[in-house]
Amino acid sequence: MSSTGKVIIFVPGIRPKPPARDHQAALWRCLLEGVRRIRPETAASMQSVSGAFQVVPWSFDYYRIYSDIKLDLPAIEALLKKPAATAADVAEATSLWRRTQRKLYSLADSVPWLTRYFAPESLRLRLSEMSSYFDNSEHAADHVRLLVKQALLKAWQENSKVMLIGHSFGSVIAYDALWELGHADGVENRLDTFISMGSPMGLRYIQRGMKGAGEKGARQFPINIRCWRNLAAVGEVTAQHLGLPEFQQSMAAAGWLEEHSQHAEVVNFFRGPDGLNVHKCYGYFYNPQTAQIIADWWDS
């Protein structure tokens, strides 16, 4: 347990990830540098605590391969030297191409059968991976959620105050794990803060597949989230947030959510090998708005 009694647990999204140690070190570096830029004393406090940041390493068990972090290292170095987004970053994030891609995702969510004819290959691949999780073939999704639950239970057993962060589809996995803990496993511990970033949880297709979707009343939602913050980058195509504020409001009305923000837009200016990537987790972690939320929580 950390000396502060606080721990940040991170659930990555779909697609293979680097080895857990490498991935965790790179993300922690981005987060600490983001916090250092707005509140140096808080970054120093966080850095001094062993085990304050933990990545749930589910992707290797699921995909049986690692991605190569060396491909991202130059971009991470460049990111951490850049104090803020430029006008060119914002212009590219709001380009006609990105707005068109966003509309395609929205259309696929409203009229799923159209994806067979009009969706780009990248969209079909992502939808296929999401479907695989929801189908729970060979109980692979059960295993993924178990890893998240084990990390949470360990932190709670050590009396730690927990912040859980889910990026992209990792936010769905984190949400489902929380639902199971409360409704299926009988765990009454409450999560202090849940952050979803770049999350597809506002999509109808995703909401229909999440845990609790077939339940009535208060059982639709996890019972163990005190505060929920949602972040989506300008130019995101998968983080369709239109249905998320209403979802959060319904959860609050059920009595399971004390505090929530409807939606916060950020500018993610991470540039990888293929150019601007507004969805990349490193850029989300370095972002000043993310840093502000985490610094405020750490100092509370």
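Basis of the calculations
- Residues numbered from 1 in each chain as written.
- Predicted model: local features only at pLDDT ≥ 70, side-chain atom pairs only at ≥ 80, totals over all residues.
- Heavy atoms only, no water.
- Buried < 20%, exposed > 50% of the residue type's maximum accessible area, 1.4 Å probe, protein only.
- Helix = DSSP H or I, 4+ residues; strand = E, 2+ residues; numbered from the N terminus.
- Pairing = 2+ DSSP bridges.
- Right-handed = clockwise from strand over helix to strand, strands pointing away.
- Core = buried A, V, L, I, M, F, W, Y, C linked by side-chain atoms within 4.5 Å.
- Contact = heavy atoms within 4.5 Å.
- Axes fitted to C-alpha atoms, helices over the stretch in contact; angles between N-to-C directions.
- Parallel < 35°, antiparallel > 145°, perpendicular 65-115°, else oblique.
- Polar contact = N/O pair within 3.5 Å; in protein donor to acceptor, adjacent residues only side chain to side chain.
- Salt bridge = Lys/Arg side-chain N within 4 Å of Asp/Glu carboxyl O.
- Expected span 1.5 Å × (residues − 1).
- Arc of directions from axis to C-beta.

## Section: the pairing of strand β5 (residues 225-233)
- The buried count for β5 comes to seven of nine residues, which makes it a mostly enclosed element.
- Bridge count for strand β4 (residues 191-197) against β5 is six bridges, and the pairing is parallel. Pairing of T193 across the sheet is with C227, part of β5.
- In the classification by handedness, the crossover that spans β4, the intervening helix α11 (residues 204-209) and the parallel β5 is right-handed.
- Where β5 meets strand β7 (residues 264-266), three bridges bridge the pair, whose relative direction is parallel. Along β7, the bridge assignment pairs A233 with V266.

## Notes on the nonpolar core
- Core analysis: the largest hydrophobic core is formed by 45 residues, its most contacted members being I8, M46, I165, Y282 and F285.
- Here the element with the most residues in this core is helix α1 (residues 20-38); it accounts for seven residues.
- Leave out the neighbours within four places in its chain, and I8 touches L31, M46, A52, F53, Q54, M163, I165, I294 and W297.
- By size, the runner-up hydrophobic cluster in this structure holds 41 residues, among which are I9, V56, L152 and F247.

## Things to note about the environment of K211
- Locating K211 in the fold gives a position in the loop between α11 and β5.
- Between the alpha carbons of K211 and D176 there is a distance of 5.2 Å; along the sequence they are 35 residues apart.

## As for the packing of α1 against helix α14 (residues 288-299)
- Viewed as axis vectors pointing N to C, α1 and α14 meet at an angle of 85°, and their least axial separation amounts to 8 Å. The angle between α1 and α14 places the two elements in the roughly perpendicular class. Contact with α1, carried on its side by L31, G34, V35 and I38, involves P288, A291, Q292, I294 and A295 of α14 and no other residues of that element.

## Focus on the side chain of N224
- Locating N224 in the fold gives a position in the loop between α11 and β5.
- Polar side-chain contacts of N224 include one of 3.0 Å to the backbone oxygen of L178.
- In contact with N224, other than residues within four places in its own chain, are L178, L181, G182, N189, R190 and L191.

## Description of the pattern of salt bridges
- The final tally for this structure, using the stated rule, is 21 salt bridges.
- For the salt bridge of E77 with R29, the shortest nitrogen-to-oxygen distance reads 2.6 Å. Taken together, the residues E77 in helix α4 (residues 73-80) and R29 in helix α1 connect sequence positions 48 residues apart.
- Relative accessible area serves as the criterion here: at 32%, E77 is assigned to the partly exposed category.
- The class of R29 is partly exposed, set by a relative accessible area of 39%.
- For the salt bridge of R145 with D142, the shortest nitrogen-to-oxygen distance reads 2.5 Å. Residue R145 and its partner D142 are both found in helix α9 (residues 140-157); the two are separated by three residues, about one turn of the helix.

## Structural notes on α14
- Between the first and last C-alpha of α14 there are 16 Å, a value that for 12 residues agrees with the 16 Å anticipated at 1.5 Å per step.
- Those residues of α14 not exposed but buried are T290, A291, I294, A295, W297 and W298. Projected down its long axis, α14 shows its buried positions confined to an angular sector of 165°, all on one face.
- Measuring from the backbone nitrogen of Q289 back to the side-chain oxygen at the start of α14 gives 2.9 Å, which picks out N287 as the cap.

## A word on the pairing of strand β1 (residues 6-11)
- The element β1 is largely enclosed, with a buried count of six among its six residues.
- A two-sided burial pattern is seen for β1, the buried positions comprising K6, I8 and F10 on one face and V7, I9 and V11 on the other.
- The sheet contact formed by β1 and strand β3 (residues 161-167) spans six bridges and is parallel. Note that in β3 the partner of I9 across the bridge is L164.
- In this structure, β1 lies alongside strand β2 (residues 53-55), joined through three bridges in parallel fashion. Looking at the pairing, F10 lines up with V55 of β2.

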